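Here is what each chain is made of, one letter per residue.
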Amino acid sequence: MRRNASENHVSRGRSLPQVRRTFESESHLCVCARFLIRFLKNRKTLEKVAARKDIDVRLKHNLVEIKPESKEAVFEHLDTHEKVTIAFDMIHVTPPMSAPDIIKTSPLANATGWVDVDKYTLQHPKYPNVFPIGDCSGLPTSKTGEAVRKQAPVLVQNLISAIRGEPLTAKYDGYRSCPIVTGYGKFVSVGMACCGAWGSSDSFQ
Ligand SMILES: Cc1cc2nc3c(=O)[nH]c(=O)nc-3n(C[C@H](O)[C@H](O)[C@H](O)COP(=O)(O)OP(=O)(O)OC[C@H]3O[C@@H](n4cnc5c(N)ncnc54)[C@H](O)[C@@H]3O)c2cc1C
């Protein structure tokens, strides 16, 4: 975000003295979510990282407009609907995710547009010769490469079983994890980096 953003009266989050400058820059992290991360066990760690790096974390902030000429990003607070404008030099935006149209409009899709799937066998409920994994799948888990790594062997084993006409015995256990880089040579592994993640919904907040 922009150097000296507070002086131009555009950034209205924290008052100037609260924002310590590192290399004359300010960092803001604006997310729609109610929490920095929904996994309780990782949240406190990431909150400490944000505090240590002086990152101004703003929750429930939905990006509604970018003004390229003035280099300003406009956010709407999800509860109060207040508009907050923050100036930036550099901005990284993650757009809302959805399945591509080719999947959304196909008979393979479930109600949310992702490819329908049995979360254990990874087989499509209607089309037994279809085994979706990864980001296109409707698996109720994180869309990460780390999750795909654990889905792939299950898919392979069950696909071979299906071809042989045998029962699908391999089961995906819901493993998901995502490394969040927090510094040079450091990361926080976010999520259920363990087996048996299905049914552990008490870890979500
Ligand atoms: C910025 C960013 C950072 C990430 N960081 C991490 C991380 O640190 N750790 C982690 O575990 N995960 C991370 N992820 C998530 C991870 O990249 C994905 O979960 C993973 O790549 C999904 O793999 P996939 O094979 O299902 O889909 P993809 O990798 O998206 O592959 C889909 C492929 O299908 C192709 N394709 C699309 N449409 C068509 C079509 N009509 N015809 C033919 N081909 C088509 C695409 O070109 C693409 O090559 C990150 C994702 C992003 C965007």
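By convention here, each chain's residues receive numbers from 1 onward along its written sequence. Local features in this predicted model are restricted to residues whose pLDDT is 70 or higher, and side-chain atom pairs enter the listing and the counts only when it is 80 or higher, whereas totals over whole chains, interfaces and linings include all residues.

## Focus: the pairing of strand 4 (residues 72–77)
Thought 1: Examined bridge by bridge, strand 3 (residues 61–67) and strand 4 share six bridges and lie antiparallel to one another. Among the inter-strand pairings, leucine 63 is bridged to a residue of strand 4, identified as phenylalanine 75.
Thought 2: Connecting strand 3 to the next strand, strand 4, in antiparallel fashion are four residues, including lysine 71 with a positive phi near 50°.
Thought 3: Of the pairings in the sheet, the one linking strand 4 to strand 5 (residues 83–87) comprises five bridges and is antiparallel in character. Within strand 5, the position partnered with glutamate 76 by the bridge is lysine 83.
Thought 4: If DSSP finds at least two bridges between two strands, the strands pair. Helix and strand definitions follow DSSP, with helices as H or I runs of at least four residues and strands as E runs of at least two, each counted in order from the N terminus. Between the antiparallel neighbours strand 4 and strand 5 lie five residues, among them histidine 81 with a positive phi of about 65°.

## What about the site of the ligand?
Thought 1: In the neighbourhood of the ligand, the contacting residues comprise Pro100, Ile102, Gly134, Asp135, Cys136, Lys143, Thr144, Gly145, Glu146, Val148, Cys178 and Pro179.
Thought 2: Among the secondary structure elements, those contributing two or more residues to the shell around the ligand are helix 3 (145–163) and strand 6 (176–183).
Thought 3: Take the shell around the ligand: its biggest share by element is three residues, from helix 3.
Thought 4: Among the residues forming the shell around the ligand, the class breakdown is six nonpolar, three polar and three charged. Only the C-beta atom, placed from the backbone, is used; a residue is near a molecule or strand if that atom lies within 6 Å of it. The nonpolar class holds Ala, Val, Leu, Ile, Met, Phe, Trp, Tyr, Cys and Pro. Asp, Glu, Lys and Arg form the charged class, and all remaining residues, Gly among them, are polar.

## Regarding helix 3
Thought 1: End to end, helix 3 covers 26 Å across 19 residues, agreeing with the expected 27 Å (1.5 Å per residue, within 8%).
Thought 2: The angle separating two fitted axes, one through the seven residues that finish at a residue and one through the seven that start at it, defines the bend at that residue. Its axis deflected by about 30° at glutamine 151, helix 3 carries its strongest bend there, up to four residues before the proline proline 153.
Thought 3: Here helix 3 has its buried residues at Ala147, Gln151, Val154, Leu155 and Asn158.
Thought 4: Where helix 3 is buried, its residues touch strand 6.
Thought 5: Following helix 3 by one or two positions, glycine 165 adopts a phi angle in the positive range, close to 75°. An expected span of 1.5 Å times one less than the residue number is assigned to each helix. Using C-beta atoms placed from the backbone, we call a residue buried if 20 or more other C-beta atoms fall within 10 Å of its own, exposed if 12 or fewer do, and partly exposed for counts in between. Whether two residues are in contact is decided by their C-beta atoms, placed from the backbone, lying within 7 Å.

## What about the nonpolar core?
Buried together is how nonpolar side chains tend to be arranged in soluble globular proteins.
Thought 1: To count as a nonpolar core, a set of buried Ala, Val, Leu, Ile, Met, Phe, Trp, Tyr and Cys residues must be joined through C-beta atoms within 7 Å. Formed by Ala99, Leu108, Trp114, Val115, Val117, Leu122, Phe131, Leu139, Val154, Leu155 and Tyr172, the largest nonpolar core amounts to 11 residues.
Thought 2: Aside from chain neighbours lying at most four places away, what touches phenylalanine 131 is Leu122, Gln123, His124, Leu155, Asn158 and Leu159.
Thought 3: Counting residues in hydrophobic clusters, the runner-up holds six residues, among them Ala73, Phe75, Ile86 and Ala87.

## With respect to the confidence of the model for the protein
Thought 1: Looking at the protein, the pLDDT average stands at 85 and 82% of residues meet or exceed 70.
Thought 2: By definition, pLDDT measures how confident the predictor is in each residue, and it falls between 0 and 100. Here strand 7 (residues 186–192) stands out as the element of the protein with the lowest mean pLDDT, 79, in contrast to strand 4, whose mean of 97 is the highest.
Thought 3: Within the model, the stretch residues 2–12 combines pLDDT values under 50 with 23 contacts to residues more than four positions away or in other chains.
Thought 4: A low-confidence stretch, residues 201–205 stays under pLDDT 50, and its non-local contacts, those more than four residues away or across chains, total eight contacts.

## Things to note about the environment of isoleucine 66
Thought 1: With respect to the element layout, isoleucine 66 can be found in strand 3.
Thought 2: What makes isoleucine 66 partly exposed here is the crowd of 13 C-beta atoms within 10 Å.
Thought 3: C-alpha separation for the pair isoleucine 66 and alanine 87, spaced 21 residues apart in sequence, amounts to 9.8 Å.

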